[in-house]
Amino acid sequence: QVQLVESGGGLVQPGGSLRLSCAASGSIASIYSMRWYRQAPGKQRELVAAINSGAGTNYADFVKGRFTISRDNAKITVYLQMNSLEPEDTGVYYCNIDLREIGVVGLQEFWGQGTQVTVSS
């Protein structure tokens, strides 16, 4: 089985920084695109940033210049460095990874359990 474990969330003041991590483990043959989503209370889940297998990145307009997504393929981990945090960035952040499991045909999508980020003074 494949598991995604997130860490790094917490409470931070406006203007502060946090670094989220999402580590995948289990019977993984290969990793493809990796993404971070977030969901604020009462709102739909939205894409924050994505990084493909060639390390190409895409960001939502509301985080451009403030957040950086990166990956470590050897550790099967995706990161989200969040700087200049604003109260509007508050929410539960989820990682999402496309991968192939050993012995399983086809690409599968897995989600982390979510980590709470709260930006408040």
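Computed from a predicted structure; not experimentally measured.

*Asks:* Which parts of the structure should I look at to understand the sheet that holds strand β1 (residues 2-7)?
*Replies:* Paired through their backbone hydrogen bonds, the strands of a sheet run either parallel or antiparallel. Strand order in this open sheet of four strands is β1-β3-β8-β7, and the pairing throughout is antiparallel. Edge positions in the sheet fall to β1 and β7 (67-72), since each of these pairs with one other strand and no more. Going from strand to strand, the sheet's axes swing by 15 degrees on average, the running direction of each strand aside.

*Asks:* Can you walk me through the side chain of Arg-38 in this structure?
*Replies:* Along the chain, the position of Arg-38 falls in strand β4 (residues 28-39). Looking at Arg-38, the relative accessible area reads 6%, which means it is buried. Reaching out from Arg-38, the side chain makes a polar contact with the side chain of Asp-89 at a distance of 2.8 Å. Look past the residues within four positions of Arg-38 in its chain and what remains in contact with it is Gln-44, Arg-45, Glu-46, Val-48, Phe-62, Val-63, Phe-67, Glu-88, Asp-89, Val-92 and Tyr-93.

*Asks:* Would you explain the layout of surface pockets in this entry?
*Replies:* Space inside the largest pocket adds up to approximately 150 Å³. A class-by-class count of the residues in the lining of the largest pocket yields two nonpolar, three polar and seven charged.

*Asks:* I'm lost on the packing of aromatic side chains in this one. Help?
*Replies:* Each aromatic ring pair is specified by the distance between its two centres and by the angle formed by the two planes. Here the structure, examined in full by the defined rule, presents two aromatic pairs. Relative to Trp-111, the ring of Tyr-37 lies with its centre 5.0 Å away and its plane at 50 degrees, an arrangement referred to as tilted. Of this pair, Tyr-37 sits in strand β4 while Trp-111 sits in strand β10 (residues 108-111), and the two are 74 residues apart along the sequence. Residues Tyr-94 and Trp-111 carry aromatic rings whose centres are separated by 6.5 Å and whose planes lie at 80 degrees to one another, so their mutual orientation is edge-to-face.

*Asks:* I'm lost on the state of the cysteines in this one. Help?
*Replies:* Here, disulfide denotes a covalent bond that connects the sulfur atoms of two cysteines. On inspection of all chains with the given rule, the structure shows one disulfide. Residue pairing for Cys-22: its cysteine sulfur links by disulfide to Cys-95, the two sulfurs lying 2.0 Å apart. Linking Cys-22 and Cys-95, the disulfide has an S-S dihedral of approximately 50 degrees and is accordingly described as right-handed. Here the residue Cys-22 occupies a position in strand β3 (residues 18-26), and Cys-95 occupies one in strand β9 (residues 91-101), the gap between them amounting to 73 residues. Judged by relative accessible area, Cys-22 falls into the buried class, the value being 0%. Overall, Cys-95 belongs to the buried group, its relative accessible area being 0%.

Rules of the game
Residues numbered from 1 in each chain as written. Predicted model: local features only at pLDDT ≥ 70, side-chain atom pairs only at ≥ 80, totals over all residues. Heavy atoms only, no water. Pairing = 2+ DSSP bridges. Helix = DSSP H or I, 4+ residues; strand = E, 2+ residues; numbered from the N terminus. Axes fitted to C-alpha atoms, helices over the stretch in contact; angles between N-to-C directions. Buried < 20%, exposed > 50% of the residue type's maximum accessible area, 1.4 Å probe, protein only. Polar contact = N/O pair within 3.5 Å; in protein donor to acceptor, adjacent residues only side chain to side chain. Contact = heavy atoms within 4.5 Å. 1 Å grid on protein atoms, 1.4 Å probe; cavity = no way out; pocket = protein on both sides within 12 Å on 5 of 7 lines; lining within 4 Å. Points joined across faces, edges and corners; volume = space filled by probe spheres on them. Nonpolar A, V, L, I, M, F, W, Y, C, P; charged D, E, K, R; others polar. Phe/Tyr/Trp six-rings, centres within 6.5 Å; stacked < 30°, edge-to-face > 60°. Disulfide = S-S within 2.5 Å.

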